[in-house]
Amino acid sequence: MSTSSLILFNKPYGVQSQFRDDSNNDHATLSQYFTDKALRVAGRLDATSEGLLILTDDGRVNKAITHPPKANAGRKQGKTYLVQVEGIPTAEQINKLKRGMVLKDGKTLPAEVKHVSENELPMVLWQRNPPIRERKSVPDSWLMLTIYEGKNRQVRRMTAHVGLPCLRLIRWSVAGFELGELAVGEFVRVHLTSEHCRQLGISS
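Fair warning: this is a prediction, and the values are worked out from it, not measured in the lab.

About the thresholds
- Residues numbered from 1 in each chain as written.
- Predicted model: local features only at pLDDT ≥ 70, side-chain atom pairs only at ≥ 80, totals over all residues.
- Heavy atoms only, no water.
- Buried < 20%, exposed > 50% of the residue type's maximum accessible area, 1.4 Å probe, protein only.
- Helix = DSSP H or I, 4+ residues; strand = E, 2+ residues; numbered from the N terminus.
- Pairing = 2+ DSSP bridges.
- 1 Å grid on protein atoms, 1.4 Å probe; cavity = no way out; pocket = protein on both sides within 12 Å on 5 of 7 lines; lining within 4 Å.
- Points joined across faces, edges and corners; volume = space filled by probe spheres on them.
- Nonpolar A, V, L, I, M, F, W, Y, C, P; charged D, E, K, R; others polar.
- Core = buried A, V, L, I, M, F, W, Y, C linked by side-chain atoms within 4.5 Å.
- Phe/Tyr/Trp six-rings, centres within 6.5 Å; stacked < 30°, edge-to-face > 60°.
- Contact = heavy atoms within 4.5 Å.

## Looking at the pairing of strand E1 (residues 5-11)
Here comes step 1: With seven of seven residues buried, E1 lies mostly within the body of the structure.
Here comes step 2: Sheet analysis places E1 next to strand E11 (residues 187-191), joined by five bridges and oriented antiparallel. Note on E11: the bridge partner recorded for Phe-9 is Phe-187.
Here comes step 3: Here six bridges tie E1 to strand E3 (residues 50-56), and the two strands are oriented antiparallel to one another. The partner of Asn-10 across the bridge, within E3, is Leu-52.

Have a look at this one:
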């Protein structure tokens, strides 16, 4: 059995998915939450995105999560996001998201998309600080969207491409690992089981 483990972290809004601050902004970094220098981020999240961030010191786990399907012998590792968008999605917009679209860096793979109410989300939302911008004349909606690749700011660009600007983005799951009931800024260490290894396509 592998002795590897990984960390599931509920990344707050405004925190960069890196340990060193090499920018000129006021965003916090992961060094305010973790001191283990062997940890690496398996699939970054933008500073303005929230939710599940996986950290690991196992290169196999990192590759299984971050590399595209072709590099993983065709194995797809889905990432599911809860996406608050401006406007009410039409069937045509949902279908465009599902089929994939051509962005500046190439065509996206087909995605899984579902229009849900806030009550149908798999978790209780926390108050974001700062709150989203709201326009009283324009309603907002929630999507559950699963992608199988990791282009830069992909989900935001996909929804904008079909006319649904993203207001809030929360990553709920990565490769079968879910955010669960982790509070903002909390993390839990998960020891890899044989089932986890099978799920990731690595040897136990």
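The rest of the description comes next.
## Comments concerning the environment of Arg-99
Here comes step 1: Along the chain, Arg-99 turns up in helix H2 (residues 91-99).
Here comes step 2: Overall, the relative accessible area of 51% leaves Arg-99 in the exposed class.
Here comes step 3: Residues Arg-99 and Arg-153 lie 54 residues apart in sequence; the distance between their C-alpha atoms is 18 Å.

## Quick look at the layout of surface pockets
Here comes step 1: Taken as a whole, the largest pocket spans an internal volume of roughly 420 Å³.
Here comes step 2: What lines the largest pocket is a set of 25 residues, and nearest its centre among them are Arg-44, Leu-45, Asp-46, Lys-151 and Arg-153.
Here comes step 3: Sorting the residues of the lining of the largest pocket by element identifies helix H1 (59-66), strand E4 (79-86), helix H3 (154-161) and strand E9 (166-174) as the ones contributing at least two each.
Here comes step 4: Here the lining of the largest pocket takes three residues from H3, the largest share from any one element.
Here comes step 5: Its residues assigned to classes, the lining of the largest pocket shows eight nonpolar, nine polar and eight charged.
Here comes step 6: Its boundaries defined by the atoms lining it, the second largest pocket holds a volume of some 180 Å³.
Here comes step 7: Taken together, Gln-84, Glu-118, Leu-125, Trp-126, Gln-127, Arg-128, Pro-131, Ile-132, Glu-134, Asp-140, Trp-142 and Arg-168 make up the full set of residues lining the second largest pocket.
Here comes step 8: Grouping the constituent residues of the lining of the second largest pocket by class yields five nonpolar, two polar and five charged.

## Side note on the nonpolar core
Here comes step 1: Residues Leu-30, Leu-55, Val-83, Leu-97 and Leu-145 are the most contacted members of the largest nonpolar core, which totals 29 residues.
Here comes step 2: Looking at this core, the elements that each hand over two or more residues are E1, E3, E4, H2, strand E8 (140-147), H3 and E9.
Here comes step 3: Counting 26 residues, the second-largest nonpolar core is a separate cluster that includes Ala-175, Val-190, Cys-197 and Ile-202.

## Overview of the packing of aromatic side chains
Here comes step 1: Summed over all chains, the structure comprises three aromatic pairs.
Here comes step 2: Both rings, one in Phe-9 and one in Tyr-33, keep their centres 5.0 Å apart while their planes meet at 55 degrees; by these two values the pair is tilted. Here Phe-9, found in strand E1, pairs with Tyr-33, found in the loop between E1 and strand E2 (40-41); they are 24 residues apart in sequence, far enough to count as distant.
Here comes step 3: Three or more aromatic residues joined by ring pairs make a cluster, and in this case those are Phe-9, Tyr-33, Phe-34 and Phe-187.

## Observations regarding the side chain of Thr-159
Here comes step 1: Summarising the element assignment, Thr-159 is placed in helix H3.
Here comes step 2: Accessibility expressed as a relative area gives 0% for Thr-159, which makes it buried.
Here comes step 3: Each residue touching Thr-159, except ones within four places of it in the same chain, is listed here: Val-83, Val-85, Leu-97, Leu-143, Leu-145, Leu-164, Pro-165 and Cys-166.

Worth remembering: the numbers are spatial, not functional.
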